[in-house]
Amino acid sequence: MSVAADFTVVHLKYNESDTTGHQLFVKENASKATCKQKPTGRTLYVLNVPPYATEEALRNAFSPAGAIERVVLQEKPSNQESAPIEIMAKNRFCFKVAYVVFAKPESLKKLLRMKKINPLHSEEKPLLTGMAKWTKAFNERIPDPATLQQEIDQYMESYDKKVEEQKAMESNNVADEDGWVTVSKNNAGVFSQKQRVVKKLEKKLDDDRTNKELKNFYTFQIRESKKNDIISLRKKYDRDLKKMDQIKKAKRFKPY
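Not measured: the values here are computed from a predicted model. (Residues numbered from 1 in each chain as written. Predicted model: local features only at pLDDT ≥ 70, side-chain atom pairs only at ≥ 80, totals over all residues. Heavy atoms only, no water.)

Asks: Now, about the overall build of the chain: what can you tell me, with residues and values included?
Replies: Looking only at helices and strands, the chain has six helices and five strands in total. From first element to last, N terminus to C terminus, the chain shows the α and β order β-β-β-α-β-β-α-α-α-α-α. Taken as a whole, the chain presents about 20,300 Å² of accessible surface, with 54% of it coming from carbon and sulfur. (Helix = DSSP H or I, 4+ residues; strand = E, 2+ residues; numbered from the N terminus. Areas by Shrake-Rupley, 256 points an atom, 1.4 Å probe, with all protein chains shown as cover.)

Okay, here's the thing in structure tokens:
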């Protein structure tokens, strides 16, 4: 666990003309375990980073020591020095922790030795705060009329194209007088019928249901059905008797 004696105090100013500044507590992020995001010998661990400081502003502030590979801000320190870097949510206004990864180990040693960094704000690389920052953010929310009109035109052009394709597809699905549809590559798998043909088919189905006779539903129908079955059995019995007589007369019948 880190203690206060392990850190080096570095004074950070917002502007070069400021007489007072802000104290940063920095040290080398030394870890026995290997972490690609925090390479040993090149990573600077920074505490007490002010809320208005950005990654770009910190990169500019620590640049006198040497080339910087990346700067990452976190809301809280990692549990371990070898733990991966956690990306903080944007526009989070609070004191932060920073990990500054230098391109060379000599840059880290130089910074700890000189204990001096650039101010966060400069004419070449300004850092907006207060009203200027919120005014810029508000203005960025208002879309550019020319860009907005271009996006609208592109959307309407795409929409009109889709409508034309839909109309062309529907025209290919027009049925003939008998209700048949010519199948093409565009309307394959599509079934379509004219309204009058559909009504004609529905009327035919209704007529079939009306004219269909219900069999063996009423009592007299059941009685007539049984009577017809008995008559049919009697006729079959008489036919069988005649066949037996014919076989006997032809001397083909041999019961034993």
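Alright, that's what it looks like, and here's the rest.
Asks: Hey, could you go over the pairing of strand 5 (residues 96-102) for me, with residue numbers and the actual values?
Replies: Across the seven residues of strand 5, seven count as buried, placing the element largely inside the fold. By the alternation rule, side chains of strand 5 split into Lys96, Ala98, Val100 and Phe102 and Val97, Tyr99 and Val101, which are all buried. Pairing of strand 3 (residues 43-49) with strand 5 involves five bridges; the strand directions are antiparallel. In the strand pairing of strand 5, Val49 is matched with Lys96. Sheet topology note: the strand 4 (residues 68-74)/strand 5 ladder contains six bridges and is antiparallel. The residue of strand 5 that forms the bridge with Leu73 is Ala98. (Buried < 20%, exposed > 50% of the residue type's maximum accessible area, 1.4 Å probe, protein only. Pairing = 2+ DSSP bridges.)

Asks: Could you give an account of unusual backbone geometry, with specific residues and numbers?
Replies: Excluding glycine, most residues fall at negative phi; most peptide bonds, likewise, are trans. At Asn48, a residue that is not glycine, the phi angle is positive and equals roughly 65°. You can see Asn48 is positioned in strand 3. Look at Asn48 and you get partly exposed, because its relative accessible area is 27%. Look at Lys115: it is not a glycine, yet its phi comes out positive at around 55°. Among the secondary structure elements, Lys115 is positioned in the loop between helix 2 (105-114) and helix 3 (130-141).

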